[in-house]
Amino acid sequence: MIRIVAAAVFLLALQAAPSKLEPPLQPAVAQADSDLYRFDLARYYFPSPEAELARRAHLRDRVAALRAEGERLTSSPAALLRALRLADSVRIESKRHTTYLYLRTQLDTLDEASAQARSTLEAELDGATSVIRSGLLQIDDGRFAAWARELPALETYRFALESVRRMRKYTLPPEQEEIASRLGPVVESWPAALYHRLIARTDFGTIQTPTGELRVLRDRSAIAALLDTALRAEGIRRLWAGYGQHRDLYAVALAGTVRAKNSLARVRGYRDAPDEAYQRAYRSAEQVRLLLDRVRPAAQLYKDFQGITAQIAREPRPPRAEGATPLRFTMSEAAKVIRSALASIGSEEYARELAELLDPANGRVDVTGGPNRAGGGGSTGYPGIPSAIYLEHFGGSYADLSRLAHEAAHAVENQLVHLHGVPAVYAQGPSYLSEAYALFTELVVANALYEEASDLRVKRYYLGQFLSKAMEVFHGAQDADLEQSIYTAVDAGGGTIGADDLDSLTGRVDTAYSITGATFPEVRARWITARLLYEDPLYLFNYMYSGLLALKMFESYQRDPMSFGARYVTLLSSGYRATPTVAVRHALGIDLDNPHLLDDAAGFLKARLASYGPALPLR
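Predicted, not measured: the structure shown is a model, and the values here were computed from it.

Asker: Would you mind going over the packing of helix H20 (residues 472-492) against helix H21 (residues 499-510) in detail, with residue names and values included?
Answerer: The relative placement of two packed helices comes down to the angle between their axes together with the axis-to-axis distance. Where H20 contacts H21, the axes come no closer than 10 Å and their chain directions differ by 140°. By the angle between their axes, H20 is oblique relative to H21. Seen from above, H20 lies across H21 with right-handed handedness. Across the interface between the two elements, Gln 478, Asp 481, Leu 482, Ser 485, Ile 486 and Ala 489 of H20 pack against Leu 502, Leu 505, Thr 506, Val 509 and Asp 510 of H21. Across the contact of H20 with H21, the residue classes break down as six nonpolar, three polar and two charged.

What follows is the structure, encoded as structure tokens:
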């Protein structure tokens, strides 16, 4: 998953001064080929929406069968293995439906029927698997060990059993779990639906440019790359004015999200929703807060980076050559750049899967643009289901290329899990691992372009792009700090919070991470633009951890690309069969709990930052 990175970064890209990380000029590129990249949902999922709807009856029958098997799983080793294997099979069938429905809602955020159906199916599966979890809690270590000796195939599921036991304290009886699962979609889905409705009914306006009309919201990346500072200033004015039209209702949606998440978490015995999210990811609220407390002062590095980019933006620019345009890529060019950069990993399997994914003939990528599409991007994939990439659109900027690389990393990981027969129970895990893999990919791509560039301005441009991504630990912490602060404030306010309060809170949090707020007060409303607050609550803290891990991975990769690549692809292909700390230490020799990870990251960033700032001569 990729988000629109911290609003300070986006704001600097649009502000009236020359844009942040302004792309070098080049001759005009060939016509875009984005229309070639569209999903073939009928090929990989269902022939039609009607066919998917008809198949739900079969899925519900299998969910009922799973519930029945779960009630018998403690009777014998064979019954346990049968229930666990059926659970994997039903997860795969359910995932085919819910992924199809997810992609339909990405293509049209107003398709609330698909969104609701997806939530309902997920809740029904969760209700059945709660019966499995309840049964597993009744099997102690001694009995499982004896049963595994009698039936060795059970060893595959040992970590799954340990994972269920880890959450014993927060597991309700099956009847109550089912009620909680069914209530979830009812109380959690409306804020995101309201959020998308508000955006869809807002006229953000358009900007006339020498090359044609740009829509302020959809084409914000293209506006950020405009050479005309006045047009960029108009872009930001209209963007924030659009969001401001319904700011009171955005606040209602956000407060509703927090209330719903906190209430359901407390039903299960957690202190609040952040406590639940962190514990499910093998972190604790105390660990997250302690890391935030350490990252916050270290974020001066991030502010230094912003300051240097502002200085670079004020440098005199070389005269514009006739026919020159900002650096742009077609989709096929972007795919070629990504494949070339990642060839350095040295895995034939990885290269093959990446090539097949990015081949438009395979219908696994959709970047075609259009009304009511979800912002940002995402990827899908699961055992038994080929992976895919969705992007809001591909405008040809470097940001679009990097976003494609990010989602391609997720999709290839999902495809490797699919191809290596990973049991469905281990197909997904803590998101900061998969986000670290995706960020590592973006760093490899940016670094490859930096090393290949010969022109000094182009070279510094790509170094700036590399550093922008390498600072993920800081803008990840900035977003995590904001979300945690919002949950605390809503709780303290009795479940409500207003738009003005959210503006003030955002401004206070961002002071530690950004130099932008003092000059551009509009950024205090970035709680509206941070769509994951509404779409995927309490996901943002993952980017703080992924930023630390990705930098350490990149350092290891630079020392020995081939050796690292082999271990890295093995890790991706294995799924999530161990705790994150154990898996990463075993595969890559990196200790996620090492307190020096932040110090190492800061040292690496200081060294790179030192070569970023000096002025360049005009060429």
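Moving on, there is more to tell.
Asker: Run through the side chain of Glu 52, naming residues and quoting values.
Answerer: Along the chain, the position of Glu 52 falls in helix H3 (residues 49-72). A distance of 2.8 Å separates a polar atom in the side chain of Glu 52 from a polar atom in the side chain of His 97. Those residues in contact with Glu 52 that lie beyond four places of it in its chain are Phe 46, His 97, Tyr 100, Leu 101 and Leu 121.

Asker: How would you summarise the pattern of salt bridges if you had to cite specific residues and measurements?
Answerer: Scanning the model with the defined rule gives 40 salt bridges in all. One salt bridge in this structure joins Arg 67 and Glu 178, with 3.0 Å as the shortest N-O distance. Here Arg 67, found in helix H3, pairs with Glu 178, found in helix H8 (residues 174-200); they are 111 residues apart in sequence, far enough to count as distant. Note that Glu 392 and Arg 220 form a salt bridge whose closest N and O atoms lie 3.0 Å from each other. With Glu 392 in the loop between strand S7 (385-391) and helix H17 (398-419) and Arg 220 in helix H9 (residues 220-224), this pair connects stretches of sequence that are 172 residues apart. Accessibility expressed as a relative area gives 11% for Glu 392, which makes it buried.

About the criteria used
- Residues numbered from 1 in each chain as written.
- Predicted model: local features only at pLDDT ≥ 70, side-chain atom pairs only at ≥ 80, totals over all residues.
- Heavy atoms only, no water.
- Axes fitted to C-alpha atoms, helices over the stretch in contact; angles between N-to-C directions.
- Helix = DSSP H or I, 4+ residues; strand = E, 2+ residues; numbered from the N terminus.
- Parallel < 35°, antiparallel > 145°, perpendicular 65-115°, else oblique.
- Left-handed = near helix turned anticlockwise from the far one by under 90°.
- Contact = heavy atoms within 4.5 Å.
- Nonpolar A, V, L, I, M, F, W, Y, C, P; charged D, E, K, R; others polar.
- Polar contact = N/O pair within 3.5 Å; in protein donor to acceptor, adjacent residues only side chain to side chain.
- Salt bridge = Lys/Arg side-chain N within 4 Å of Asp/Glu carboxyl O.
- Buried < 20%, exposed > 50% of the residue type's maximum accessible area, 1.4 Å probe, protein only.

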